[in-house]
Amino acid sequence: EKAAARNFSSLLLPLHCYYQYVLDDKVGLGRVFDGIGGLSGGGATSRLLVNYAEPYRSQILDYLFKPNFGASLHILKVEIGGDAQTTDGTEPSHMHYENDENFFRGYEWWLMKEAKKRNPNITLIGLPWAFPGWVGHGKNWPYDYPDITATYVVSWIIGAKQYHDLDINYVGIWNERNFDSKYIKLLRYTLDKSGLESVRIIASDNLWEPISLFMLLDQELRRAVDVIGAHYPGTTTVLEALKTQKKLWSSEDYSTFNNEVGGGCWARILNQNYVNGLMTATISWNLVASYYGELPFGRDGLMTAQEPWSGSYVVESPIWISAHTTQFTQPGWTYLQTVGHLAHGGSYVALTNGKGDLTVVIETMVCSALFAIDPLIASLAQLQVWRSRFNFKTQKPTFFEKLSPLKLSDGSFTLNLGEDEVYTLTSLTSGLKGSFPDPPPSAPFPTTYKDDFNVANPPFTEAPDFADQTGVFEYHINLTDPGPHVFTLRQVVTQRPVTWATDADQTISVIGNYKWENLTVSCDVFMETVKTGGVFIAARVDKGGQSVRNAKGLFYWIFSDGSYKVTNDLAGQAVLAEGPSGTRAFGWHTLTLSIKGQYATGLLNGYPLWKNAVVLGPKNGWAAIGTKSFELAQFDNFAVKAE
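Conventions used here
- Residues numbered from 1 in each chain as written.
- Predicted model: local features only at pLDDT ≥ 70, side-chain atom pairs only at ≥ 80, totals over all residues.
- Heavy atoms only, no water.
- Core = buried A, V, L, I, M, F, W, Y, C linked by side-chain atoms within 4.5 Å.
- Buried < 20%, exposed > 50% of the residue type's maximum accessible area, 1.4 Å probe, protein only.
- Helix = DSSP H or I, 4+ residues; strand = E, 2+ residues; numbered from the N terminus.
- Phe/Tyr/Trp six-rings, centres within 6.5 Å; stacked < 30°, edge-to-face > 60°.
- Pairing = 2+ DSSP bridges.
- Axes fitted to C-alpha atoms, helices over the stretch in contact; angles between N-to-C directions.
- Contact = heavy atoms within 4.5 Å.
- 1 Å grid on protein atoms, 1.4 Å probe; cavity = no way out; pocket = protein on both sides within 12 Å on 5 of 7 lines; lining within 4 Å.
- Points joined across faces, edges and corners; volume = space filled by probe spheres on them.
- Nonpolar A, V, L, I, M, F, W, Y, C, P; charged D, E, K, R; others polar.
- Salt bridge = Lys/Arg side-chain N within 4 Å of Asp/Glu carboxyl O.
- Parallel < 35°, antiparallel > 145°, perpendicular 65-115°, else oblique.
- Left-handed = near helix turned anticlockwise from the far one by under 90°.

Here we look at the nonpolar core
Core analysis: the biggest nonpolar cluster contains 96 residues, and Phe65, Leu76, Met112, Val171, Ile184, Leu187 and Leu191 have the highest contact counts within it. Broken down by element, this core gets its largest block of residues, eight residues, from helix α4 (residues 146–164).

Quick word on unusual backbone geometry
Between Ala203 and the following residue, Ser204, the backbone shows a cis peptide bond with an omega angle of -5 degrees. The topology assignment puts Ser204 in strand β8 (residues 200–206). Here Trp285 and Asn286 are connected by a cis peptide whose omega angle stands at 10 degrees. Within the element layout of this structure, Asn286 appears in the loop between β11 (281–285) and β12 (304–307). A positive phi is found at Asn605, a non-glycine position, where the angle reads about 55 degrees. Even without being a glycine, Asn612 presents a positive backbone phi close to 55 degrees.

Digging into the packing of aromatic side chains
Using the criterion set out here, one finds 43 aromatic pairs in the structure. Between Trp320 and Phe400, the ring centres sit 5.8 Å apart and the planes meet at 15 degrees, which makes this aromatic pair stacked. Of this pair, Trp320 sits in helix α10 (residues 317–326) while Phe400 sits in strand β20 (residues 398–407), placing them 80 residues apart in sequence. Each member of the pair, Trp320 as well as Phe400, carries the same accessibility label: buried.

Section: the pairing of strand β9 (residues 227–231)
Among the five residues in β9, five count as buried, and that is most of the element. Residue alternation in β9 divides its side chains into two sets, Val227, Gly229 and His231 and Ile228 and Ala230, and both sets are buried. Two elements, β9 and strand β10 (residues 247–254), share five bridges in a ladder whose sense is parallel. Residue Gly229 lies in a different strand from β10, and its bridge partner there is Trp249.

Quick word on the sheet that holds strand β5 (residues 75–79)
The strand order around the closed barrel formed by eight strands is β4-β5-β6-β7-β8-β9-β10-β11, and the pairing between neighbours is parallel. The average angle at which neighbouring strand axes cross in this sheet is 25 degrees, direction not considered. Direction of pairing for strand β4 (residues 35–40) relative to β5: parallel, over a ladder of four bridges. The partner of Ser40 across the bridge, within β5, is Val78. Contacts from helix α3 (residues 108–118) reach β4, β5 and β6 (123–127), with the element oriented near 175 degrees to β5.

So, the environment of Val472
As for its placement among the helices and strands, Val472 is situated in the loop between β24 (467–470) and β25 (473–477). Residues Val472 and Val640, 168 residues apart in the sequence, show an inter-C-alpha distance of 21 Å. The residues contacting Val472, other than those within four sequence positions of it, are Asp83, Thr90, Pro92, His96, Arg490, Gln491, Val492 and Val493.

So, the sheet that holds strand β27 (residues 507–511)
The seven strands lie next to each other as β24-β27-β36-β29-β30-β31-β32, forming an open sheet whose pairing is antiparallel. Edge strands, defined here as strands with exactly one partner in the open sheet, are β24 and β32 (575–580). With strand direction ignored, the average angle separating the axes of adjacent strands in the sheet is 20 degrees. Bridge count for strand β29 (residues 534–541) against strand β36 (residues 622–627) is five bridges, and the pairing is antiparallel. When the sheet's bridge partners are listed, Val541 is paired in β36 with Trp622.

Considering empty space enclosed by the protein
The gaps left among the atoms become clear once a water-sized probe is rolled over them. If you walk through the whole model with that rule in mind, you get four cavities of 30 Å³ or more. Computed from the structure, the largest cavity encloses a volume of approximately 110 Å³. Along the walls of the largest cavity sit Glu79, Gly81, Glu91, Pro92, Ser93, His94, Arg105, Gly106, Tyr107, Glu108, Trp109 and Trp156, which together make up its complete lining. Its residues placed into classes, the lining of the largest cavity shows four nonpolar, four polar and four charged.

Quick notes on the pattern of salt bridges
In total, this model carries 23 salt bridges according to the counting rule given. A salt bridge links Asp542 to Lys543, with the nearest nitrogen and oxygen atoms 3.4 Å apart. Here Lys543 falls in the partly exposed class, since its relative accessible area comes to 31%. Residues joined in a network through salt bridges with shared partners are Asp62, Glu114, Lys117 and Arg118.

Quick word on the packing of α3 against α4
Running from amino to carboxyl end, α3 crosses α4 at an angle of 60 degrees, the nearest separation of the two axes being 12 Å. The orientation of α3 relative to α4 falls into the category oblique. In terms of crossing hand, the pair formed by α3 and α4 is right-handed. Residues Trp109, Met112 and Lys113 of α3 touch α4, and the partners they reach there are Trp156, Gly159, Ala160 and His164. Within the contact of α3 with α4, the residues separate by chemical class into four nonpolar, two polar and one charged.

So this is what it looks like as structure tokens:
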């Protein structure tokens, strides 16, 4: 490899004839490149993607994963669902309860298979952000019983292979407070004992410290960890991490609104994570912004796909900025050591496959520059050129344009770079800016919506367009009721999960148009907890994600003790009306909530139960269903009519 790479010795890059940048392997090669990736989860960031109809769903997946087409990602990292709120929603666990296993819940299995279908060589990573409550034995901490936690995580990896033929390459270890070295060692032991020696560990998948220092002091820990992963490292690392001589990854990064400014941010990250921090992989949070845009961190994905009801999606600038690197490199290529910053802003990296190919990626996101490259490369007569221009002043950006090849004349050529541009110069001729016919235009969520959940063999466990914010609402076959409620939606989490985010004390799933003001919501409900149970329907819900605990709106509750309540908040503290309802567990009831302007009315089984409750705010928000606590309850025949 080193001998082949010497074809690129002494590439000189003069800037304005005053500065020279040398691409040279005489001092040896740099670190091995591990890839660019996207993250689905942390949490529920791909929730709406699965509800797209064809061909639009496959088109979105092609833009993300298909080699030499769009972002052409090398890595897919997914959340190992833990039944808990982990930023923008909850993802279901494969083990809701200790004696429960189901490896068909959620959509991450499907997503990994779709990625593998397009790129068989894609690297797969799993990371639990949260855990079902039973793992913590009543504590909000998963590592007091490390053997239980390790077995839980390893069972997910085994299930991926056994049920979906998916080989998980890496598993991450993350928590917000610190890390547990005993657990990391035990996880390595459990993996090996289960025949999963090839699965590597990323730790602490959060911060460089203190794990880097601990690895220098603990050889067993050092042997157990294959990659030190950091979240949002700001393109820098620490000396202790470098001393470990382990792979360094930015295992979660970006988290930026995906307009052109966000694309520029992504360009800097991809280059400078290596230039400044010697990080050989960078993973974007998130993969695709496929969740309601009013949830936290709206549109923080490589592209946007948040309207399955219309089929509309947007291929944002970070897709093409990714392509500048991903379409002209592969994991296993090697960085040259001579990478760095441009004197007046920007950076450059160069990589080789050790077989005579070279790719140089340049980002001039700060100021303009003039490059002259004077290579002494007899084997290369020309380099292919791809360019993106942000054109912030004219607001007419162009992305991933293929320019005429640069001919080498007497071993040299000149390239004039402008401000806020990204260039790829490569010996590879395989790049392509993929495209499809324009998707349908954007459209709001339908004003009339119904779902009776009558799906005998649903492709996914979640009902279309519902976004669980606390708890998990799954399709359910009600074998105890041979009547009209055989197929229902059931809330199944019965214990508070172990999570770093702020779950509500109630469970809730939101749906619809956040701009809805005047609407009627109705749903059949079935409580399964005697005396202490409760359920609700809601309108104008104004918060979700990690802010769900503070959600306001109009919440219409009934309880199994025979009472009802109307509140202005999810917590149930701001009471607008209350009284007897005669409702009990294990019987179906129909709730109807109508709100117009400042006044709201509620029906129970078609008859008025309360009316003219005064609602001063919020003025708009989603519709929702949910339960009083972490308890079993069923929902059927959900409907919304908005004005």
